[in-house]
Amino acid sequence: MKITFARTLGLVAPLALLASPAVADHHAESEAEANDAQEAAALTIDTPIEALMADEGAKAVVLESLPGLDEHPAYGQFKSMTLKQLQPMSMGMITDEVLAKIAEGLAALA
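If you're wondering where the values come from, they're calculated on a predicted model, not measured in any experiment. (Residues numbered from 1 in each chain as written. Predicted model: local features only at pLDDT ≥ 70, side-chain atom pairs only at ≥ 80, totals over all residues. Heavy atoms only, no water.)

(A) Layout of the overall build of the protein. Of the regular secondary structure elements, the protein holds seven helices and zero strands. Ordered by position from N to C terminus, the α and β elements of the protein give α-α-α-α-α-α-α. In the protein, which comprises 110 residues, the proportion classed as buried is 25%. Of the contacts made within the protein by residues no fewer than 6 positions apart, 56% connect residues no fewer than 24 positions apart. Here the protein displays about 7900 Å² of accessible surface, and carbon together with sulfur accounts for 62% of that area. (Helix = DSSP H or I, 4+ residues; strand = E, 2+ residues; numbered from the N terminus. Buried < 20%, exposed > 50% of the residue type's maximum accessible area, 1.4 Å probe, protein only. Contact = heavy atoms within 4.5 Å. Areas by Shrake-Rupley, 256 points an atom, 1.4 Å probe, with all protein chains shown as cover.)

Structure (structure tokens):
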């Protein structure tokens, strides 16, 4: 089977387009916008606990109200949950008042 130059060009042209400066610039702009949006997204009581614990400021806010949360034996089981999701399972330790205090502290970090 012979592959003609025109056929080869037809296969290569879309790849060349991906490498063009205009496409690269657009891709870089999209990545920068996504990073900016992610940085602007504030940490809240609706953020997964593991993400709160990964941020030093948020971790301090949470542990001020819920000391030892990150050392709880079941941490691995609930770390992907939010504080609001964990509240009903907390046997009264995570009250509405605790959530409000944490929410206020997290908002102050933004």
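(B) Structural detail: the packing of helix α4 (residues 56-65) against helix α7 (residues 96-109). At their nearest, the axes of α4 and α7 sit 9 Å apart, and the two run at 160° to each other. Between α4 and α7, the crossing angle belongs to the class labelled roughly antiparallel. In terms of crossing hand, the pair formed by α4 and α7 is right-handed. Of the residues in α7, those touching α4 at Gly57, Ala58, Val61, Val62, Glu64 and Ser65 are Val98, Lys101, Ile102, Gly105, Leu106 and Leu109. Across the contact of α4 with α7, the residue classes tally to seven nonpolar, three polar and two charged. (Axes fitted to C-alpha atoms, helices over the stretch in contact; angles between N-to-C directions. Parallel < 35°, antiparallel > 145°, perpendicular 65-115°, else oblique. Left-handed = near helix turned anticlockwise from the far one by under 90°. Nonpolar A, V, L, I, M, F, W, Y, C, P; charged D, E, K, R; others polar.)

(C) Geometry of the nonpolar core. Membership of the largest hydrophobic core comes to 20 residues, with the highest contact counts inside it found for Ile49, Val62, Leu66, Leu69, Phe78, Leu83 and Ile102. Broken down by secondary-structure element, the contributors of at least two residues to this core are α3 (49-54), α4, α5 (75-78), α6 (83-86) and α7. Here this core takes four residues from α7, the largest share from any one element. Not counting residues up to four positions away in its chain, the partners in contact with Ile102 are Ile45, Val61, Val62, Ser65, Leu66 and Leu83. (Core = buried A, V, L, I, M, F, W, Y, C linked by side-chain atoms within 4.5 Å.)

(D) Up close: the side chain of Ser90. The topology assignment puts Ser90 in the loop between α6 and α7. On the basis of relative accessibility, which here comes to 10%, the residue Ser90 falls in the buried class. At 2.8 Å, the side chain of Ser90 forms a polar contact with the backbone oxygen of Gln87. (Polar contact = N/O pair within 3.5 Å; in protein donor to acceptor, adjacent residues only side chain to side chain.)

(E) The arrangement of the environment of Val61 in detail. Within the secondary structure, Val61 sits in helix α4. Owing to a relative accessible area of 14%, Val61 belongs among the buried residues under this scheme. Separated by 42 residues in sequence, Val61 and Ala103 place their C-alpha atoms 8.9 Å apart. Not counting residues up to four positions away in its chain, the partners in contact with Val61 are Ile102, Gly105, Leu106 and Leu109.

(F) Just the packing of aromatic side chains, in detail. According to the stated counting rule, one finds one aromatic pair in the structure shown. For the ring pair Tyr75 and Phe78, a centre distance of 5.6 Å and an interplane angle of 85° mean the geometry is edge-to-face. Here the residue Tyr75 and the residue Phe78 both occupy positions in helix α5, the gap between them amounting to three residues, near one helical turn. Owing to a relative accessible area of 8%, Phe78 belongs among the buried residues under this scheme. (Phe/Tyr/Trp six-rings, centres within 6.5 Å; stacked < 30°, edge-to-face > 60°.)

The quantities given are spatial measurements derived from coordinates; they are silent on function.
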